[in-house]
Amino acid sequence: MNGTGNGRRPRAILRIRFHPTERTAELYGQLLTVVDGISSRVEPLPADWSAYADLTGALTYWGRDVEGLVAVLRLRLLALHGVRCSAGAGPTRSIAAIAADATPPGAATVVGDTPYEIAAFLRTKPASALPGIGPQTAKSLARYGITTIGDIADTPPATLQRILGTTAARHVHDRAHGIDERPVIPGAAPRTMSASHRFDRDELDPDRHYATLLGLVQDLGARLRTGGEIAQALTLTYADRTQTTRTRTLTEPAAHTPALAAVARQLLTGLGLQRARVRTIALRAERLRPAEDTVRQLTLDGRDDKLHRLEIALDKATARYGPGVTGAAATFPRAG
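1. Concerning unusual backbone geometry
Alright, step 1. Of note in this structure, Trp-49 is not a glycine but carries a positive phi near 55 degrees.
Alright, step 2. One can find Trp-49 in the loop between strand 2 (42–45) and strand 3 (50–54).
Alright, step 3. Phi is positive for Arg-287, close to 50 degrees, though the residue is something other than glycine.
Alright, step 4. Looking at the secondary structure, you find Arg-287 in strand 9 (residues 278–290).
Alright, step 5. Residue Arg-287 is classed as partly exposed on the basis of its relative accessible area of 26%.

2. As for the sheet that holds strand 8 (residues 243–254)
Alright, step 1. Taken together, four strands build an open sheet; the order of strands is 6-9-7-8 and the sheet is antiparallel. Each edge of the open sheet is held by one strand with a lone partner, namely strand 6 (191–203) and strand 8. Strand after strand, the sheet turns through a mean of 15 degrees between neighbouring axes, direction not considered.
Alright, step 2. With eight bridges joining them, strand 7 (residues 229–239) and strand 8 adopt antiparallel strand pairing. Bridging across to strand 8, Thr-237 finds its partner in Thr-245.

3. Some thoughts on helix 11 (residues 257–271)
Alright, step 1. Helix length check: helix 11, at 15 residues, gives a terminal C-alpha distance of 21 Å against a target of 21 Å (1.5 Å per residue), a fit within 8%.
Alright, step 2. Looking at helix 11, one finds that the buried residues are Thr-257, Leu-260, Ala-261, Val-263, Ala-264, Arg-265, Leu-267, Leu-268 and Leu-271.

4. Some points on the packing of helix 10 (residues 206–226) against helix 11
For any two helices packed against each other, the geometry comes down to the angle between their axes and how far apart the axes lie.
Alright, step 1. Closest axis-to-axis distance for the helix 10/helix 11 pair is 9 Å, and the angle between their directions is 145 degrees. At the point where helix 10 passes helix 11, the crossing takes the right-handed sense. Packed against helix 10, whose contacting residues are His-209, Tyr-210, Leu-213, Leu-214, Val-217, Gln-218, Gly-221, Leu-224 and Arg-225, the element helix 11 presents Thr-257, Leu-260, Ala-261, Ala-264, Arg-265 and Leu-268 at the interface.
Alright, step 2. Taken together, the residues of the contact of helix 10 with helix 11 break down into nine nonpolar, four polar and two charged.

5. Some details on the environment of Leu-78
Alright, step 1. With respect to the secondary-structure elements, Leu-78 resides in helix 3 (residues 66–81).
Alright, step 2. Residue Leu-78 is classed as partly exposed on the basis of its relative accessible area of 44%.
Alright, step 3. Placed 58 residues apart in sequence, Leu-78 and Pro-20 show a C-alpha to C-alpha distance of 9.9 Å.
Alright, step 4. Discounting chain neighbours no more than four positions away, the residues touching Leu-78 are Val-83 and Arg-84.

6. A word on helix 6 (residues 135–142)
Alright, step 1. Along helix 6, the residues that are buried comprise Thr-137, Ala-138, Ser-140 and Leu-141. Taken around the axis of helix 6, the buried residues stretch over an arc of 160 degrees, which confines them to a single face.
Alright, step 2. Tucked inside the fold, the buried residues of helix 6 contact helix 7 (149–154), helix 8 (157–164) and strand 8.

7. Let's talk about the pattern of salt bridges
Alright, step 1. Applying the stated criterion to the full structure yields 10 salt bridges.
Alright, step 2. Between Asp-219 and Arg-223 there is a salt bridge whose closest N-O contact spans 3.3 Å. Taken together, the residues span about one helical turn, with Asp-219 and Arg-223 both in helix 10 at a distance of four residues.
Alright, step 3. Connected through shared salt-bridge partners, Arg-15, Arg-17, Asp-48 and Asp-101 make up one network.

8. So, the side chain of Arg-17
Alright, step 1. One can find Arg-17 in strand 1 (residues 13–19).
Alright, step 2. On the basis of relative accessibility, which here comes to 17%, the residue Arg-17 falls in the buried class.
Alright, step 3. A polar side-chain atom of Arg-17 sits 3.1 Å from a polar atom in the side chain of Asp-48.
Alright, step 4. Looking at Arg-17, its side chain comes within polar contact range of the side chain of Asp-101, at 2.6 Å.
Alright, step 5. Beyond its immediate chain neighbours, meaning those up to four positions away, Arg-17 contacts Asp-48, Trp-49, Ser-50, Arg-84, Cys-85, Ser-86, Ala-100 and Asp-101.

Quick notes on the rules
Residues numbered from 1 in each chain as written. Predicted model: local features only at pLDDT ≥ 70, side-chain atom pairs only at ≥ 80, totals over all residues. Heavy atoms only, no water. Helix = DSSP H or I, 4+ residues; strand = E, 2+ residues; numbered from the N terminus. Buried < 20%, exposed > 50% of the residue type's maximum accessible area, 1.4 Å probe, protein only. Pairing = 2+ DSSP bridges. Axes fitted to C-alpha atoms, helices over the stretch in contact; angles between N-to-C directions. Expected span 1.5 Å × (residues − 1). Left-handed = near helix turned anticlockwise from the far one by under 90°. Contact = heavy atoms within 4.5 Å. Nonpolar A, V, L, I, M, F, W, Y, C, P; charged D, E, K, R; others polar. Arc of directions from axis to C-beta. Salt bridge = Lys/Arg side-chain N within 4 Å of Asp/Glu carboxyl O. Polar contact = N/O pair within 3.5 Å; in protein donor to acceptor, adjacent residues only side chain to side chain.

Treat this as a map of the structure, not an account of what it does.
Quick look at the structure:
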């Protein structure tokens with residue numbers, strides 16, 4: 001059930017969240033060093049002060065079970081740095097993540113690798129607890145009576161495909177059954193992607209600010225989709241004589257240009273640039289991750305589906321004829 005057939009040893013994946021009183025890059029690095037002292041296979045997630053660690057090989061080296069090894073790690077973090085953590089462990093990344101999310105600081109949740117233990121842990125959890133399902137998607141699934149991970153596991157794949165699309169439905173259905181082959185990737189930190197525009201002179205016109213920002217959004221969205229990635233947050237920076245930066249997290253990770261444009265518009269409005277002399281505008285997509293980690297319902301919003309189809313057509317046109325062949329304003333009408 002958890003992808004450990006063919007005689008392979010069941011994996012033991014840890015998701016650990018750090019809860020320090022003060023957060024500095026130096027401290028985060030020190031905490032990762034402690035984790036690395038337990039297992040060399042550590043994947044940092046600095047955006048939310050957490051990390052994954054593959055404990056599979058470390059169990060034999062330390063001669064302990066998962067509970068014992070996690071207890072040693074938590075004790076070291078507390079003794080060396082005075083930092084409490086919440087830890088979740090299980091046979092897959094998604095199970096470890098769900099366990100960590102459900103665990104308070106100073107505690108640990110370990111899920112066994114038998115089909116019974118996996119099902120007992122997953123089935124009663126809300127659908128939104130499954131990695132890749134954000135609040136809006138969870139609401140959409142609820143309209144079909146799918147409110148728990150157990151409901152997802154029991155829903156025929158064909159039904160999920162009609163709601164979420166083929167690829168997303170397969171990932172969600174597998175993870176609801178405790179199947180998740182994604183490895184821990186040592187040293188892989190979340191990526192960013194940025195685009196910027198420098199005006200020839202200080203620009204006062206708010207409409208030019210807006211149009212320029214939409215062009216940056218369109219550029220980032222196309223590059224994200226081409227690279228098979230999604231963004232979890234956007235950061236907007238504008239510069240005149242000084243530099244101002246604002247960041248906002250997306251409701252659900254996306255590479256869909258209208259979704260990115262809505263957040264970018266909120267950032268621009270919040271900066272209040274009506275009378276500002278702007279020389280440079282920059283937009284950065286933050287905390288990138290593989291597009292397969294999110295899902296999108298295909299049949300609940302006809303207008304959104306049309307925008308997705310238009311987006312695909314624009315991407316193809318750009319790939320064939322080069323950037324600049326399509327205009328941002330046509331793709332992103334102002335929200336009323």
